[in-house]
Amino acid sequence: MLYFITGGERSGKSRYAQELALSLSTNPVYVATARKWDESFEQRIKRHQQERGPEWQNMEEEKHLSKLDLSQKVVVIDCVTLWLTNFYTDNQYDLHLSLQEAKDELTQLFEQNNTHLIIISNEIGMGVHAQTESARRFVELQGWTNQYIARQADQVTLMVSGIPLKVK
């Protein structure tokens, strides 16, 4: 089962995803995709891990999600935006190469059997127009990746001001 939860920043996506995971499992897995850019971000990661509680198994993977053994588990992947940033920066802001690598990785991830995946993403294209060419290309990368995930998903939820809206 693939759940896709998307929305704006601070729209309640992570809270909703975690509640969904806990309704499906007493010991869900949380996969963080963020790269530890600096000490303050690392502290933020530790704070979030502590907030989740001991019932969660925490994993970190910057890019290669399909290499994790997630079979027979309920898994929250948080989040696509930070995950894509890792491809985009590693590929020197090459939109098409980043999109292809991300789609290839997602395809392999979706092939894992007996896994409940709950994937969180941002709708960054709904906000202000990006000021730089690189940022505009990233908005495209994010949008196309979100579309790819949504097509594969069994359920798509758009979060608006903490309220889940069922899209699919």
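Residues numbered from 1 in each chain as written. Predicted model: local features only at pLDDT ≥ 70, side-chain atom pairs only at ≥ 80, totals over all residues. Heavy atoms only, no water.

Identification of the protein as Adenosylcobinamide kinase from Xanthocytophaga flava is taken from an unreviewed UniProt entry. Reading the Sequence similarities (unreviewed entry) entry of the UniProt record for the protein gives the comment "Belongs to the CobU/CobP family." The Function (unreviewed entry) comment attached to the protein in UniProt states, word for word, "Catalyzes ATP-dependent phosphorylation of adenosylcobinamide and addition of GMP to adenosylcobinamide phosphate." (UniProt positions renumbered as here; feature names shortened; annotations may be inferred.)

Undergrad: For the overall build of the protein, give the residues involved together with the corresponding values.
TA: Regarding its fold elements, the protein presents five helices and seven strands. Going residue by residue from the N terminus, the α and β elements of the protein occur as β-α-β-α-β-β-α-α-β-α-β-β. Once the C-alpha set of the protein is aligned to its principal axes, its extents read approximately 45 × 40 × 35 Å. By residue count, 45% of the 168 residues in the protein fall in the buried class. Sequence separation of 24 or more characterises 75% of the internal contacts of the protein that already satisfy a separation of 6 or more. Charge-centre separation for the protein: the mean point of 18 positive side chains lies 3 Å from the mean point of 22 negative side chains. (Helix = DSSP H or I, 4+ residues; strand = E, 2+ residues; numbered from the N terminus. Buried < 20%, exposed > 50% of the residue type's maximum accessible area, 1.4 Å probe, protein only. Contact = heavy atoms within 4.5 Å. Lys, Arg positive; Asp, Glu negative; His and termini not counted. Charge placed at Lys NZ, Arg CZ, Asp CG, Glu CD.)

Undergrad: Which residues make up the packing of helix α3 (residues 80-90) against helix α4 (residues 95-110), and what values do they have?
TA: At their nearest, the axes of α3 and α4 sit 9 Å apart, and the two run at 130 degrees to each other. Classified by the interaxial angle, the pair formed by α3 and α4 is oblique. By crossing handedness, the relation of α3 to α4 is classed as right-handed. Between α3 and α4, the residues in contact are W83, L84, F87 and Y88 and L95, S98, E101, A102, E105 and L106, respectively. (Axes fitted to C-alpha atoms, helices over the stretch in contact; angles between N-to-C directions. Parallel < 35°, antiparallel > 145°, perpendicular 65-115°, else oblique. Left-handed = near helix turned anticlockwise from the far one by under 90°.)

Undergrad: Hey, could you go over the UniProt feature "active site" (unreviewed entry) in the protein for me, with residue numbers and the actual values?
TA: In this structure's numbering, the residues bearing the UniProt feature "active site" (unreviewed entry) are H48. Along the chain, H48 turns up in helix α2 (residues 39-52).

Undergrad: Describe the environment of N114, naming the residues involved and giving the relevant values.
TA: Take N114: it is sitting in the loop between α4 and β5 (116-122). Classification of N114 by relative accessible area gives exposed; the value is 56%. For the pair N114 and V74, spaced 40 residues apart in sequence, the C-alpha separation works out to 9.1 Å. Excluding its chain neighbours within four sequence positions, the residues that come into contact with N114 are S71, Q72 and K73.

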